[in-house]
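Residues per chain are reported as follows:
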2 protein chains.
Amino acid sequence: MRIRVNGEACAQLPAQDRGLLYGDGLFETVLFRQGNAPLWPRHAERLLQGLARLRIAAPDMDALLAEAGGLCSDLDRAVVRISITRGSGERGYALPLQPVPTRILMAAAAPPPPRDWYVQGIRVRCCSLQLAAQPVLAGMKHLNRLEQVLARAEWTDAAIVEGLLGDREGHVVSATAANLFACVDGQLLTPALDRCGVAGVARAEVLARRDAAVRNITWEELMRAEEIFLTSSVRGIVPVRAVDAREFAVGAMTHSLQREWQALGLQESAGG
Amino acid sequence: MRIRVNGEACAQLPAQDRGLLYGDGLFETVLFRQGNAPLWPRHAERLLQGLARLRIAAPDMDALLAEAGGLCSDLDRAVVRISITRGSGERGYALPLQPVPTRILMAAAAPPPPRDWYVQGIRVRCCSLQLAAQPVLAGMKHLNRLEQVLARAEWTDAAIVEGLLGDREGHVVSATAANLFACVDGQLLTPALDRCGVAGVARAEVLARRDAAVRNITWEELMRAEEIFLTSSVRGIVPVRAVDAREFAVGAMTHSLQREWQALGLQESAGG
């Protein structure tokens with residue numbers, strides 16, 4: 001792991017950082033190929049929106065990209081986690097008067113996921129944890145991720161790659177670390193994320209490339225989908241072959257997006 | 001600030017700590033008088049319950065108390081924040097196979113709040129942010145505190161000491177950093193915290209000393225209360241003199257609890 005804190009080759013961070021005290025910050029998990037991040041504009045856009053919502057000063061985004069790319073330019077495939085916190089603060093929730101945000105970059109080589117995932121699809125389960133509705137935080141990739149930690153802790157079977165999370169009103173929202181799309185009655189759908197969930201950059205890229213409806217999706221609708229796939233900036237377009245005991249085919253929409261992801265350099269393998 | 005990380009006189013912590021990556025941990029904010037913490041058994045109980053719910057291994061609680069008290073035994077009045085995180089982990093939400101929790105203690109002298117707060121009461125406001133309902137996390141003092149940060153950021157007027165938070169169903173839940181009690185129609189009430197909020201140790205101490213109903217409380221009920229007070233392990237029993245424009249008297253229940261808090265060494269000042 002290669003780590004930089006505020007530009008220094010340092011793997012430590014002050015214990016008073018509000019990122020640790022309160023989860024007061026945001027992160028991005030960016031896939032780099034030989035130092036280039038094809039989805040960077042979308043990561044930058046989401047990060048800037050989140051920083052504005054949390055009222056944290058934004059870093060120089062060009063310098064941030066250069067720093068992140070420089071950390072992994074010798075690696076064929078790497079993931080850089082970029083965290084921006086509100087920095088150190090006095091005790092208490094009140095915003096510091098003169099906050100100095102903390103910038104943490106963590107880069108590591110990331111071998112591609114198994115080819116089988118892309119060709120055969122993955123098995124996923126339905127998690128019992130239900131995401132809380134909080135419009136003020138919805139969509140952001142913030143550092144308050146205990147729901148995802150607890151959902152991912154619901155299973156240990158290595159044959160289950162992901163878990164699907166719903167809200168308390170009976171809708172499916174996302175996987176623990178990926179967004180979800182489904183073709184239902186011939187229409188591409190993805191859950192609305194205005195009350196919970198993280199608005200992923202791969203999801204945004206799919207929405208820019210396909211005509212999809214963004215709306216609430218019930219579990220019943222999901223279970224009668226013609227095809228389901230997950231999207232992730234790191235893993236790309238991953239078909240779902242089974243949700244618990246219900247099996248699904250890998251479909252044409254999934255295949256066509258996989259080919260586009262390959263062309264972008266975002267994914268090694270594809271089915272179809 | 002005196003800081004210990006895993007027993008070492010160190011003010012830094014690894015950037016890979018899951019406390020920072022995901023807010024994956026808990027904390028306690030403990031008031032010490034000359035190295036003694038009168039409410040320690042309640043802090044220890046809540047911390048142990050939270051660690052069990054998050055499946056984080058508990059530290060030796062006697063050693064933890066000794067370490068915290070030793071950090072501030074020369075201070076008349078000190079606050080020690082104790083944070084326990086799941087420790088460092090690989091990338092991803094899945095629990096580490098062999099987690100080694102991180103223990104962070106931060107101690108500082110804490111002058112008592114202004115005497116006026118206890119005698120005249122404080123002014124508070126109603127926050128627009130509504131707490132999300134998440135039973136899996138409710139009651140715990142976990143590290144995912146963005147809701148509190150954003151609520152506290154709603155005002156800067158120094159004459160407003162606290163902000164009250166409600167849920168999405170029209171109930172009042174707590175202040176940003178304190179619990180709430182109200183006397184309504186002669187009965188002492190405090191909000192149920194099974195869907196959101198932090199179950200404070202001072203609240204638990206009040207519940208052990210008084211016959212109070214723990215239930216949902218509407219804003220309308222709150223606004224016709226005979227008296228309202230906030231409870232906090234650090235600040236003690238703090239009467240509310242005004243919620244926005246509505247004024248309240250400091251009542252007999254508040255005064256009697258303040259005297260008990262003084263006897264416990266938990267509070268310097270009292271009204272009545």
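Model, not experiment: these values are computed from the prediction.

## Details of the sheet that holds strand β3 (residues 25-33) of chain B
All names here are of chain B.
Consideration 1: The four strands are arranged β1-β5-β4-β3 in an open sheet whose pairing can be described as antiparallel. With partners counted over all chains shown, the strands left at the sheet margins are β1 (2-5) and β3, one partner each. Taken over all neighbouring pairs, the strand axes of this sheet differ in orientation by 15° on average, direction set aside.
Consideration 2: Across four bridges, the pairing between β1 and strand β5 (residues 102-109) is antiparallel. Following the sheet pairing, V5 is matched in β5 by I104.
Consideration 3: Against the sheet, helix α2 (residues 40-54) engages β3 and β4 (77-85), with an angle of about 175° to β3.
Consideration 4: In the packing of helix α3 (residues 61-71) onto the sheet, contacts are made with β1, β3, β4 and β5, and the angle to β5 comes to roughly 30°.

## Considerations on the packing of aromatic side chains
Consideration 1: Scanning all chains against the criterion turns up four aromatic pairs over all chains.
Consideration 2: Ring centres of Y22 of chain A and Y93 of chain A lie 4.8 Å apart, and the angle between their planes is 55°; on these two criteria the pair is classed as tilted. Of this pair, Y22 of chain A sits in helix α1 (residues 18-22) while Y93 of chain A sits in the loop between β4 (77-85) and β5 (102-109), placing them 71 residues apart in sequence.
Consideration 3: Taking the relative accessible area as the measure of exposure, Y22 of chain A reaches 4% and is therefore buried.
Consideration 4: Judged by centre distance (5.3 Å) and plane angle (5°), the ring pair of F181 of chain A and F229 of chain A falls under stacked. Placement of the pair is F181 of chain A in strand β9 (residues 179-184) and F229 of chain A in strand β12 (residues 227-232), with a sequence separation of 48 residues. You'll find F181 of chain A and F229 of chain A in the same group, each marked buried.
Consideration 5: One cation-aromatic arrangement involves R246 of chain A over F248 of chain A; the distance from NZ or CZ to the ring centre is 4.6 Å.
Consideration 6: Here R152 of chain B stacks its cationic end above the ring of W155 of chain B, 4.0 Å away from the centre of that ring.

## Digging into the relation of the copies chain B and chain A
Consideration 1: By a simple turn and slide, chain B fits onto chain A: the slide is 0.0 Å along the axis, the RMSD is 0.0 Å, and the turn is 180°. What the rotation and shift describe, once combined, is the action of a two-fold rotation axis.
Consideration 2: Interface residue correspondence from chain B to chain A reaches 100%, placing this contact among same-surface, isologous pairings.

## Some details on the domain arrangement of chain A
Residue and element names in this part refer to chain A.
Consideration 1: What the domain assignment reports for chain A is domain 1 (2-109) and domain 2 (115-264).
Consideration 2: One C-alpha centre belongs to domain 1, the other to domain 2; they are set 25 Å apart.
Consideration 3: At the interface, 22 residues of domain 1 touch 22 residues of domain 2.
Consideration 4: One can count one salt bridge joining domain 1 with domain 2.
Consideration 5: At the boundary of domain 1 and domain 2, one finds 11 residue pairs in polar contact (both at pLDDT 80 or more).
Consideration 6: Taken together, the elements giving at least two residues each to the side of domain 1 that touches domain 2 come down to α1, β3 (25-33), α2 (40-54) and β4.
Consideration 7: Tallied by class, the residues present in the side of domain 1 that touches domain 2 amount to eight nonpolar, seven polar and seven charged.

## Topic: the side chain of S232 of chain A
All names here are of chain A.
Consideration 1: Topologically, S232 is positioned in strand β12.
Consideration 2: We classify S232 as buried; its relative accessible area is 11%.
Consideration 3: Engagement of the side chain of S232 in a polar contact is seen with the backbone nitrogen of V234, the distance being 3.1 Å.
Consideration 4: At 3.0 Å, the side chain of S232 and the backbone nitrogen of R235 are in polar contact.

The rules we used
- Residues numbered from 1 in each chain as written.
- Chains lettered and ligands numbered in written order.
- Predicted model: local features only at pLDDT ≥ 70, side-chain atom pairs only at ≥ 80, totals over all residues.
- Heavy atoms only, no water.
- Pairing = 2+ DSSP bridges.
- Helix = DSSP H or I, 4+ residues; strand = E, 2+ residues; numbered from the N terminus.
- Axes fitted to C-alpha atoms, helices over the stretch in contact; angles between N-to-C directions.
- Contact = heavy atoms within 4.5 Å.
- Phe/Tyr/Trp six-rings, centres within 6.5 Å; stacked < 30°, edge-to-face > 60°.
- Buried < 20%, exposed > 50% of the residue type's maximum accessible area, 1.4 Å probe, protein only.
- Lys NZ or Arg CZ within 6 Å of the ring centre and 35° of its normal.
- Least-squares fit on C-alpha atoms with pLDDT ≥ 70 in both.
- Domains from an automatic or database assignment.
- Salt bridge = Lys/Arg side-chain N within 4 Å of Asp/Glu carboxyl O.
- Polar contact = N/O pair within 3.5 Å; in protein donor to acceptor, adjacent residues only side chain to side chain.
- Nonpolar A, V, L, I, M, F, W, Y, C, P; charged D, E, K, R; others polar.

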